[in-house]
Every structure is written in C-alpha cells, then in structure tokens.
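Understanding the architecture of this molecule
As a plain string of letters, each chain reads:
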Amino acid sequence: MKKVAVFMGSKSDLELMQGCFDMLGKFGIEYDVFVLSAHRTPEEVAEAVKNAEEKYGVIIAAAGYAAHLAGTIAGKVAIPVIGIPVDNSSFKGFDSLLSTVMMPPGVPVATVTVGKAGATNAAVLAAQILGVAYPEIQQKVKEYKQEMREKVLKANEEVQKLI
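As a starting point, this report considers the structure included with it. Nothing here was measured: the structure is a model prediction, and the numbers come from that model. (Residues numbered from 1 in each chain as written. Predicted model: local features only at pLDDT ≥ 70, side-chain atom pairs only at ≥ 80, totals over all residues. Heavy atoms only, no water.)

**A look at the pattern of salt bridges**
Note the threshold: Definition used for salt bridges: Asp or Glu carboxyl oxygen within 4 Å of a side-chain nitrogen of Lys or Arg. Numbering of helices and strands runs from the N terminus, with a helix taken as a DSSP run of H or I at least four residues long and a strand as a DSSP run of E at least two residues long. Accessibility here uses a 1.4 Å probe with only protein chains present; expressed as a share of the type maximum, an area under 20% marks a residue as buried, one over 50% as exposed, and anything in between as partly exposed.
Counted under the stated rule, the structure contains 4 salt bridges. For the salt bridge of glutamate 15 with lysine 116, the shortest nitrogen-to-oxygen distance reads 3.6 Å. Here glutamate 15, found in the loop between strand 1 (3-8) and helix 1 (18-26), pairs with lysine 116, found in helix 6 (residues 116-131); they are 101 residues apart in sequence, far enough to count as distant. The class of glutamate 15 is exposed, set by a relative accessible area of 61%. Take lysine 116: its relative accessible area is 51%, and that puts it in the exposed class.

Spelled out as structure tokens, the structure:
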C-alpha cells in the first residue's frame, strides 16, 4: 500500500498537524513527515519528492505566509498534492489560502480549509483518494462518515429532549 508524505514548512506547524496525523492513523495509512521549506531548503524539497510516485499515493503540504510548499511540490510530481494553508501570519491564513489555491493551469493543488480543520480534512481527502485503489481505506472512510452522522443525530436527540 502506498503511503502519504506530509510536508510542513516549519517545526512550529507540528501542533497544527496533529489532527492530520491522528486521522491518517485512524484510517490505517502509513505516512512520512518532512520539515522542509520551499524558500529556505528548495534543493532538499526537490530531493525529497524526486521519486515520490514510487512510494507515495498522495502528498500533503502545510505552509504559512507565502505558502509555496504545496505548489513547489505539485510542480515536480504527478500524484495528488493537498495544500493546507497555515494561519500563522498577521493575515490569519488568508495570505496562505490565496498562495495555496491560486495555482497556474496544469499545476493543481487540492486546497483544504485554513488551520487545524484543514489538517484533519487533508487526511480525510488523502484517504478518499487512496480509497479509490484500496477498498479497505474506502471502507474506513465510510465508517468515519457514519460515526460523524451518528454523533450529530445523537446531539439532535439530546437537544430535542431539552426543548
């Protein structure tokens, strides 16, 4: 089974990315983590993704400010790249969102929401992508969605009893 590569532009993104790691674990997806910067370590980023298609099915990249990490990677690989805009600037991630989502034609980056929710969503999206090739992952995604459904319905019942 192919793994997921998770890139962070900075060690300070580690706490934000915990939801991503937790969700990948929930789905039984193995992953490798890299702390590399599109601007400060461009050669190392290029080397890390040089043979990515052989080992990985999806790449997740979290970055703040100019947030070029996902786009830099997407320009070098032929597998899906998911970008997580990090909310660590004075613009509260809006700058990162625009930098991640505004890719030129032919270099797509699937972009999720800003911040911690984006980290969780990136893992779910990666599982959905891998689920096309791996039915066991797809089944786990279905179970997760059912768990969410049941949680909301239970909350609805509790609220209805209070009213």
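**What to know about the environment of alanine 110**
Summarising the element assignment, alanine 110 is placed in strand 5 (residues 110-111). Residue alanine 110 is classed as partly exposed on the basis of its relative accessible area of 32%. When the C-alpha positions of alanine 110 and isoleucine 82 are compared, they lie 4.6 Å apart, and in sequence the two are 28 residues distant.

**Side note on helix 7 (residues 135-162)**
Quick reminder of the rule: Multiplying 1.5 Å by the residue count of a helix minus one yields the expected span of that helix.
In this model helix 7 runs 41 Å from its N-terminal to its C-terminal C-alpha over 28 residues, within 8% of the 40 Å that 1.5 Å per residue would give. For helix 7, the set of buried residues is Ile137, Val141 and Tyr144.

**Structural notes on a nonpolar patch on the surface**
The condition is simple: Patch criteria: residues need more than 30% relative accessible area and no salt bridge. Like-charged residues are merged within 9 Å; nonpolar side chains of Val, Leu, Ile, Met, Phe, Trp and Tyr are merged within 5 Å. Values of accessible area rely on a 1.4 Å probe in the Shrake-Rupley scheme; residue burial ignores everything except the protein chains shown.
On the surface, Phe91, Phe94, Leu98, Val101 and Met102 cluster together into a nonpolar patch covering about 540 Å² of accessible area. Looking at the secondary structure, you find phenylalanine 94 in helix 5 (residues 94-101).

**Things to note about the side chain of serine 89**
To keep it simple, the criterion reads: Any pair of N or O atoms that falls within 3.5 Å is considered a polar contact. Within protein, one atom must be able to donate a hydrogen and the other to accept it, and sequence-neighbouring residues count only if both atoms are side-chain atoms. Contacts between residues were defined by any pair of non-hydrogen atoms, one from each residue, lying within 4.5 Å.
For serine 89, the position within the fold is in the loop between strand 4 (81-85) and helix 5. Residue serine 89 is classed as buried on the basis of its relative accessible area of 11%. A distance of 2.9 Å separates polar atoms of two side chains, one belonging to serine 89 and the other to aspartate 95. For serine 89, the contacting residues outside a window of four places in its chain are Tyr65 and Asp95.

**Topic: the sheet that holds strand 5**
How we decide: Each pair of strands is called paired provided DSSP finds at least two bridges between the two strands. Under this scheme, a helix contributes an axis fitted over its contacting stretch, all axes are lines through C-alpha atoms, and angles between N-to-C directions fall in the 0 to 180 degree range.
Strand order across the open sheet formed by 5 strands is 2-1-3-4-5, with parallel pairing between neighbours. Bordering the open sheet on either side are strand 2 (31-35) and strand 5, each of which pairs with just one other strand. Pairing analysis gives 5 bridges linking strand 3 (residues 56-63) to strand 4, with the strands arranged parallel. Note on strand 4: the bridge partner recorded for alanine 62 is isoleucine 84. The strands touched by helix 1 within the sheet are strand 1, strand 2 and strand 3, with strand 1 carrying the most contacts at an inclination of about 175 degrees.

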